[in-house]
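Examination of the molecular architecture
Chain by chain, the residues:
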Amino acid sequence: MNDLDDLIRSSLHEHTSDGAPDDTLAERVETTGRRVRRQRRVAGAALALAVVGGLGWGTTLIPRPVQPGIVASPSPVPTSPRPTSSATPSPTSSTTLFRPNWDPTATTRDVSTVGEQIEYSAADVTPRDTRANFFASPSGKFWCTISTEFANCNNHVEMPGIEPTREQLGCDDVLVAGVEVNSKGRGAWYCSGDQNQFPQLNGPDGSGMSVDGTLWWDAEFGQTRPGLQDPTYTLAVLPYGKTLIAGDFSCTTATSGVTCSNSRTHHGFRISQAELKLF
Amino acid sequence: MSVPSPTVELATAASFEDFVAGQQGALRRYALALTHSATDADDLLQTTLVKVYLAWDRIDDRSRLTAFARTTMSRSYVSAWRQWGRHESPTAEPPDLSISRTNPIDERDLIWRGLERLGRRQRAVVVLRYLEDLDLATIADILGISTGTVKSQLSRALDNLRGYLGSDQS
């Protein structure tokens, strides 16, 4: 034990005094948790798929299932937890997914029928069930989602002068999440209270992050790279020049950025660290 | 001088509400040490607890709930750049040393400011070691890195803090 050790200990304790207990914290957390579960609504389809097996894709596509007991995960993994502490709606089971017989040599892949089952809602869009497919840009700087209802990308790098503050965007108590295009209007920045892209093929503990949401990925069509902030993540990368399509929406990566658009409305966005185009 | 670590009651909570009631103080203290911001600490705490809530049924061993929460919080802090301390940037520049070097209270403030300037992983290692009183192997498990990396991160962090203090304290 030396003086520096003691100084650090005393400094940490001095600056981190307990506040008054927050009696409403558990209730607020449960409310948020129920909302997240409704949005993510995956219901163990991934594990069901792993058990059923033989559905036409290689074992490399199926990340290791969640470990029993303690699993250290930086974000919720797709399971169907059911806390005992309150009456919560059971997550809705998703149907078993069959992976389409995609051409491994094609540069475009239609993911309209696959993906993690979620409920999508936005300010001007009635909540709808859809399936979300997650991918990362080759640089790892953008984590994106494409579905038949919307496409969006979250920036995982600073974009000074481009990204608005949450005050400017009116995010209240949540955060500026990224840019999005849906069935209504132009591409635009949007707010979110939680991470909603899961393009990781594995987490730091080896568990899968979203099996359904990365069904589009295979070694012929996709690439991988380590996460920027945490290199223990393996990201499902949509390589430069490749395109994912879901209904009216498409996303393409290029060295100039990730472009997502709605072919019906012709609205969308192109985002790179240096430049953003909303149209 | 030695400051006792806070007593962290091992959670054997039967319900999520019990767990939150019993552990929110210790977890918030840990979040505050990581983020150095009351607002960010509250955000990090709530985000962590949501993840615990979502994983509740997967955690068979209730005595490890606190460990799970601490691990989740640590990794959320280290890996999720967006939410917490987004605009921080570790720097080697020493802070303004206009503080009396003989006053231990001032030195504690200086250490706190020095911690702010560490990178996230280094700060997490220091907080887990000195606030949570954990051994290196446990810290390695929590952060998902090797024990050797923990040692090197801790060593660099202490070197940085010594630099902030302006003299070798060892």
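Check the entry above for the structure.
Residues numbered from 1 in each chain as written. Chains lettered and ligands numbered in written order. Predicted model: local features only at pLDDT ≥ 70, side-chain atom pairs only at ≥ 80, totals over all residues. Heavy atoms only, no water.

Moving on: the overall build of chain B. Secondary structure summary: chain B contains seven helices and zero strands in total. Along chain B, from the amino end to the carboxyl end, the secondary structure elements read α-α-α-α-α-α-α. The buried share of chain B, reckoned over its 170 residues, is 53%. Here chain B has roughly 6,900 Å² of accessible surface; of this, 47% comes from carbon and sulfur atoms. (Helix = DSSP H or I, 4+ residues; strand = E, 2+ residues; numbered from the N terminus. Buried < 20%, exposed > 50% of the residue type's maximum accessible area, 1.4 Å probe, protein only. Areas by Shrake-Rupley, 256 points an atom, 1.4 Å probe, with all protein chains shown as cover.)

Once that is clear, we can look at the packing of helix α1 (residues 3-15) of chain A against helix α7 (residues 147-165) of chain B. At a minimum axis separation of 11 Å, α1 of chain A and α7 of chain B run at an interaxial angle of 90°. The angle between α1 of chain A and α7 of chain B places the two elements in the roughly perpendicular class. Each of L4, L7 and I8 of chain A in α1 of chain A lies in contact with α7 of chain B, whose residues at this interface are L158, L161, R162 and L165 of chain B. Here the residues of the contact of α1 of chain A with α7 of chain B sort into six nonpolar, no polar and one charged. (Axes fitted to C-alpha atoms, helices over the stretch in contact; angles between N-to-C directions. Parallel < 35°, antiparallel > 145°, perpendicular 65-115°, else oblique. Contact = heavy atoms within 4.5 Å. Nonpolar A, V, L, I, M, F, W, Y, C, P; charged D, E, K, R; others polar.)

The subject of this paragraph is the pairing of strand β6 (residues 175-182) of chain A. Residues and elements named next belong to chain A. For β6, the buried fraction is high: eight of the eight residues fall into the buried class. Sheet topology note: the strand β5 (residues 150-155)/β6 ladder contains five bridges and is antiparallel. Paired with A151 across the strands is V181, a residue of β6. With five bridges connecting them, β6 and strand β7 (residues 188-192) associate as antiparallel partners. Looking at the pairing, L175 lines up with S192 of β7. Linkage of β6 to β7, two consecutive antiparallel strands, is achieved through a turn of five residues, within which G185 is found at a positive phi near 80°. (Pairing = 2+ DSSP bridges.)

To continue, consider α7 of chain B. For α7 of chain B, spanning 19 residues, the distance from its first C-alpha to its last is 27 Å, which sits close to the expected 27 Å at 1.5 Å a residue. Residues of α7 of chain B that are buried: V150, Q153, L154, A157, L158, L161, R162, Y164 and L165 of chain B. (Expected span 1.5 Å × (residues − 1).)

Residue and element names in this part refer to chain B. Backbone geometry places H36, a non-glycine residue, at a positive phi of 60°. With respect to the secondary-structure elements, H36 resides in the loop between α1 (16-35) and α2 (38-55). Phi at D133 is positive, roughly 55°, even though this residue is not glycine. Following the sequence through the fold, D133 ends up in the loop between α5 (120-130) and α6 (136-143). Owing to a relative accessible area of 32%, D133 belongs among the partly exposed residues under this scheme.

On to the nonpolar core. One finds I8 and L12 of chain A together with F19, L49 and L143 of chain B to be the most contacted residues of the largest nonpolar core, which totals 58 residues. With residues near it in sequence (within four places) discarded, I8 of chain A still touches I111, V126, Y130, L158 and L161 of chain B. Counting residues in each nonpolar core, the second largest holds 31 residues, with W102, C153, V157 and F249 of chain A among its members. (Core = buried A, V, L, I, M, F, W, Y, C linked by side-chain atoms within 4.5 Å.)

Turning to the state of the cysteines, a few remarks are in order. Residues and elements named next belong to chain A. If you walk through the whole model with that rule in mind, you get two disulfides over all chains. C144 shares a disulfide with C153; S-S distance 2.1 Å. Looking down the S-S bond of the C144 and C153 bridge, the torsion is 105°, so its handedness is right-handed. Accessibility assignment for this pair places C144 and C153 in one class, buried. The residue that forms a disulfide with C251 is C260, at a sulfur-sulfur distance of 2.1 Å. (Disulfide = S-S within 2.5 Å.)

Take the pattern of salt bridges next. Scanning all chains against the criterion turns up 10 salt bridges over all chains. Close ionic contact of D22 of chain A with R28 of chain A constitutes a salt bridge, the shortest N to O distance being 3.0 Å. Of the charged contacts, one joins R162 of chain B and D159 of chain B as a salt bridge, the two residues approaching to 3.0 Å between their closest N and O atoms. Taken together, the residues span about one helical turn, with R162 of chain B and D159 of chain B both in helix α7 at a distance of three residues. Overall, the relative accessible area of 18% leaves R162 of chain B in the buried class. Among the residues examined, D159 of chain B registers a relative accessible area of 44% and is labelled partly exposed. (Salt bridge = Lys/Arg side-chain N within 4 Å of Asp/Glu carboxyl O.)

What follows covers the packing of α6 of chain B against α7 of chain B. Residue and element names in this part refer to chain B. Between α6 and α7, whose axes approach to 8 Å, the crossing angle comes to 105°. The angle between α6 and α7 places the two elements in the roughly perpendicular class. Contacts between α6 and α7 involve L136, A137, I139 and A140 from the first element and T147, V150, K151 and L154 from the second. Residues that form the contact of α6 with α7 fall into these classes: six nonpolar, one polar and one charged.

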